[in-house]
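Letter by letter, the chains look like this.
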Amino acid sequence: MEQIISKGAKQSVLAYLGTACVVLLLLMIFGLTMRAAQAGGLAIPAEIFYQLMTAHGIGMVGIAGMCGAAIMWYFLGQYVKLSTPIFLLNIGLFLIGVVLILGAIFIGGFASAWTFLYPLPAMSGGAWTSGSAVIYLSGVLLIGVGFLLFHLDTGWAILKQYGSLGKALGWPQLFGNSTADAPPPTVVASTMVLIVNVLGLVSGASILVISIVNILVPEFGIDPLLGKNMIFFFGHVFINATIYMSVIAVYEILPRYTGRPWKSSKPFLLAWTCSTLFVVIVYPHHLLMDINMPTWMAVMGQVISYLSGIPVLVVTAFGALAYVHRSGLSWGMPASLLFLAVFGWAAGVIPAIVDGTISVNLVLHNTQWVPGHFHTYLLLGVVPMAMGFMYYISNNEGSGLDRAGLWAFIVGGYGFIFTFLWAGKEGVPRRFAEHLPEWMAVDAMGAAFAALTILGVVIFAISFLSRIGKIAKA
Amino acid sequence: MQDLAWAISLWLMALLAITFIYVVMKSGDKADASAVQSGAGKIRATLFWLILIAGVPVTMVTLTDLPYAAQSDATAQIVTAEGSQFNWDISPTTIVAGKPVEFHVTAADATHGFAIFDDTMTLLTQTQAMPEYTNILKYTFSKAGTYKVLCLEYCGSGHHVMSAEITVVAAGGM
């Protein structure tokens, strides 16, 4: 499809991407600091470690959301009429939320991890004040409201254009006899994200408000297991939605290099319909060690975890392979990063599914295996999707330095995630400010690989940010 | 179990990597798109059925022995464990090897994670320690020794120092 995007809309997308670039690098440095501290190479107080951990977690989730939103909005806007003011309102609320969150963490000392697991925000053990907890939760709530408005706008636009969510998911073509062209992949993916993320955001907003009230009025509380379900439902759905938004870059950009348009075939439509359901009902796999959860929910968590891999591996990853195979493609930076991203996503699914097995989760849950698998599909999936989009939007096929950055990113990134997975196998807990001496060698390797990964991203970021002014004027 | 998880993950990720590298190596050739897509469609269908055929027995086998205690075992040794910021209150702390143990795990404040490690720091089993709930974790220690309990659910600034020890003695040793 031809590029039809106004200058203002493009500048709005650039605002998202520029913000994401800067914040991503800052948060990666936080991550490196934590790994260096665990390796014993850097002495930081435990309180500071957990503050960095909280900022790193919530920040990365937010940035993944911003990148995904920018990609989705840019391409979806070529099929339906979207509102630029609402898109800008989202980033405005995001930035206000970021200020509140950073203030709560680094001035107020708030450090409940990004998951703000109820009732921890109200129980600091003396590490933070109630006020800072309320400010942090309000900041997250504000960001959530921004995303909810963003999705309501995309939903409104999709409904106006396609008439119903079912039609936008291609159900007449999938389940009926319609011979009309199915909606393009971008519309299908955006509709799926709209459905799941609205549910996730409502759940997240509810538990955030409950947590705030609980802090202000301690007599008011809810069942902690219910609170946990609401938080993990929100967290799981939101972070998954960032991948499903970002993968639109693959569907839209890769075909421009292969010359083979990515079509909404029946397997594609079926995969996205299944994913819509799977993402919503798979979240109990985060609660497999909560023995009081109904057993059927745990079993569902495992079974749906297994099934969730099929759309990713058999449709998107396999699709990317089929579109690239013998296509005569020349590997510039956008195509390289996007193809790498599909691999990262698909590869990350494997240790995630393994950990989704109840009997395995018993000995891997909350070890470093967990950051091992989610960094695979976020650091090596969503980040290269976003970076590939940045190179694409700036018409930059890359220099020798960019390609060197790509290799640094690949070697550093995979080295980094394998140190996490290895440590998880060895039983090293996640989220520990201090490590035992026998764990520190792997930590040190992890820190070295993290530094190499950051070097790669610094090169990507400089390459993009140095062109951002020129792109904005074009 | 951990080694198996590592091996399966590594082999499958390697297989996926080899496939991607193969396609990258062949990407410079130019072939008719419809011919490639047609061949790919057949491979995809085979792959789908292979995953399904392999997945069903794997699912059934892995779901046969779940760590969820339906009811208390009258013959088991009962150990109560309560987590609080940043301590474990465990009673008794000495138990007998070879005889089932039921850990009745709860929390006094925030959520904690009750995880048992052996002397090589291999993670043996775990459950969540939640306020207002008691999770029953069943485990049978096969050998005597000192076992460490760590918190595996982030619970605040002293999370990493929240540890305790359990002594397991040989049968007849108490």
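All values reported here derive from a predicted model rather than from experimental measurement.

Visitor: Would you mind showing me how to read empty space enclosed by the protein here?
Guide: Empty space among the atoms becomes apparent when a probe as large as a water molecule is rolled across them. Taken as a whole and judged by the stated rule, the model has two cavities of 30 Å³ or more. At the level of secondary structure, the elements contributing two or more residues to the lining of the second largest cavity comprise helix H10 (266-281) and helix H11 (295-324) of chain A.

Visitor: Help me out: how do you make sense of the packing of aromatic side chains in this one?
Guide: The relation between two aromatic rings is expressed through the spacing of the ring centres and the mutual angle of the planes. All names here are of chain A. For the coordinates displayed, the defined rule picks out 39 aromatic pairs over all chains. When the ring of Phe416 is compared with that of Phe420, the centres are 5.0 Å apart and the planes differ by 65°; the resulting orientation is edge-to-face. Linking Phe416 with Phe420, this pair stays in helix H15 (residues 400-425), spanning four residues, or about one helical turn. For Phe416, a relative accessible area of 8% puts it in the buried group. Feature note: the residues Tyr16, Trp73, Phe87, Phe147, Phe150, Phe234 and Phe238 constitute an aromatic cluster, connected by ring pairs. Against the face of Trp422 rests Lys425, its NZ or CZ located 4.1 Å from the ring centre.

Visitor: What's the story with the sheet that holds strand S4 (residues 101-107) of chain B in this structure? I'm lost.
Guide: Paired through their backbone hydrogen bonds, the strands of a sheet run either parallel or antiparallel. Residues and elements named next belong to chain B. On the basis of which strands lie adjacent, the open sheet formed by four strands has the order S2-S1-S4-S7 and mixed pairing. The open sheet has two free edges, formed respectively by strand S2 (87-91) and strand S7 (135-139), since each of these has just one partner strand. Strand-to-strand twist of the sheet, defined as the mean angle between neighbouring strand axes without regard to direction, takes the value 25°. Pairing geometry for strand S1 (residues 77-84) and S2, over five bridges, is antiparallel. The partner of Thr80 across the bridge, within S2, is Ser91.

Visitor: How do you make sense of unusual backbone geometry when you look at a structure like this?
Guide: Excluding glycine, residues mostly carry a negative phi; peptide bonds, for their part, are mostly trans. Residue Phe86 of chain B is reached from Gln85 of chain B by a cis peptide bond, and omega for that bond is 0°. Considering the arrangement of structural elements, one finds Phe86 of chain B in the loop between S1 and S2. A cis geometry characterises the amide bond from Ser91 of chain B onward to Pro92 of chain B, with omega recorded as -10°. Mapped onto the secondary structure, Pro92 of chain B falls in the loop between S2 and strand S3 (94-96). A positive phi angle, near 70°, is found at Ala113 of chain A, a position not held by glycine. Of note, Ala113 of chain A is situated in the loop between helix H3 (84-106) and helix H4 (130-162).

Visitor: Before we go on, may I ask you to explain the sheet that holds strand S6 (residues 123-129) of chain B in this structure?
Guide: Residues and elements named next belong to chain B. The strand order across the open sheet built from five strands is S3-S9-S8-S5-S6, with neighbouring strands paired in mixed fashion. The two strands at the open ends of the sheet, each matched to only one other strand, are S3 and S6. Looking at each pair of strands side by side, their axes are set apart by 25° on average, direction ignored. In this sheet, S6 lies alongside strand S5 (residues 112-117) in antiparallel orientation, the contact comprising six bridges. From the neighbouring strand, Phe117 faces S6, where its bridge partner is Leu123.

Visitor: Help me out: how do you make sense of the layout of surface pockets in this one?
Guide: The calculated volume of the largest pocket comes to roughly 1,400 Å³. Residue assignment for the lining of the largest pocket shows that the elements contributing at least two residues are H11, helix H12 (333-355) and helix H13 (358-364) of chain A together with helix H1 (2-26) and helix H2 (33-62) of chain B. No other element matches H2 of chain B, which puts 16 residues into the lining of the largest pocket. Here the second largest pocket is characterised by a volume of approximately 590 Å³. Forming the boundary of the second largest pocket are 19 residues, of which Leu340, Trp407 and Ile410 of chain A together with Ile21 and Val24 of chain B lie nearest the centre. Counting residues per element, the ones that place at least two in the lining of the second largest pocket are H12 and H15 of chain A together with H1 of chain B. With seven residues, the single largest contributor to the lining of the second largest pocket is H1 of chain B. In the lining of the second largest pocket, the residues fall into 17 nonpolar, one polar and one charged.

Visitor: What should I look at first to understand the domain arrangement of chain B in this one?
Guide: Many authors give the size of an interface as the accessible area that is lost as the parts come together. Per the domain assignment, the segments making up chain B are domain 1 (2-62) and domain 2 (77-169). For domain 1 of chain B versus domain 2 of chain B, the distance between C-alpha centres works out to 41 Å.

Visitor: Help me understand the interface of chain B and chain A in this model?
Guide: In this complex, chain B contributes 71 residues to the contact, which on the side of chain A involves 87 residues. Overall, the association of chain B and chain A removes approximately 6,900 Å² of surface from exposure, summing both partners, and the carbon and sulfur fraction of that is 70%. Sorting the residues of chain B by area buried against chain A places Phe20, Tyr68 and Tyr154 of chain B first, and these three jointly supply 12% of that buried surface. Summed over the shared surface of chain B and chain A, the number is two salt bridges. Scanning the region where chain B abuts chain A turns up 27 residue pairs in polar contact (both at pLDDT 80 or more). Every element with two or more residues in the side of chain B that touches chain A is listed here: H1, H2, S6, S7 and strand S8 (145-151) of chain B. Here the side of chain B that touches chain A takes 17 residues from H1 of chain B, the largest share from any one element. Classifying every residue of the side of chain B that touches chain A by side-chain character gives 43 nonpolar, 20 polar and eight charged.

Definitions and cut-offs
- Residues numbered from 1 in each chain as written.
- Chains lettered and ligands numbered in written order.
- Predicted model: local features only at pLDDT ≥ 70, side-chain atom pairs only at ≥ 80, totals over all residues.
- Heavy atoms only, no water.
- 1 Å grid on protein atoms, 1.4 Å probe; cavity = no way out; pocket = protein on both sides within 12 Å on 5 of 7 lines; lining within 4 Å.
- Points joined across faces, edges and corners; volume = space filled by probe spheres on them.
- Helix = DSSP H or I, 4+ residues; strand = E, 2+ residues; numbered from the N terminus.
- Phe/Tyr/Trp six-rings, centres within 6.5 Å; stacked < 30°, edge-to-face > 60°.
- Buried < 20%, exposed > 50% of the residue type's maximum accessible area, 1.4 Å probe, protein only.
- Lys NZ or Arg CZ within 6 Å of the ring centre and 35° of its normal.
- Pairing = 2+ DSSP bridges.
- Axes fitted to C-alpha atoms, helices over the stretch in contact; angles between N-to-C directions.
- Nonpolar A, V, L, I, M, F, W, Y, C, P; charged D, E, K, R; others polar.
- Domains from an automatic or database assignment.
- Contact = heavy atoms within 4.5 Å.
- Buried area = accessible area lost by both parts, 1.4 Å probe.
- Salt bridge = Lys/Arg side-chain N within 4 Å of Asp/Glu carboxyl O.
- Polar contact = N/O pair within 3.5 Å; in protein donor to acceptor, adjacent residues only side chain to side chain.

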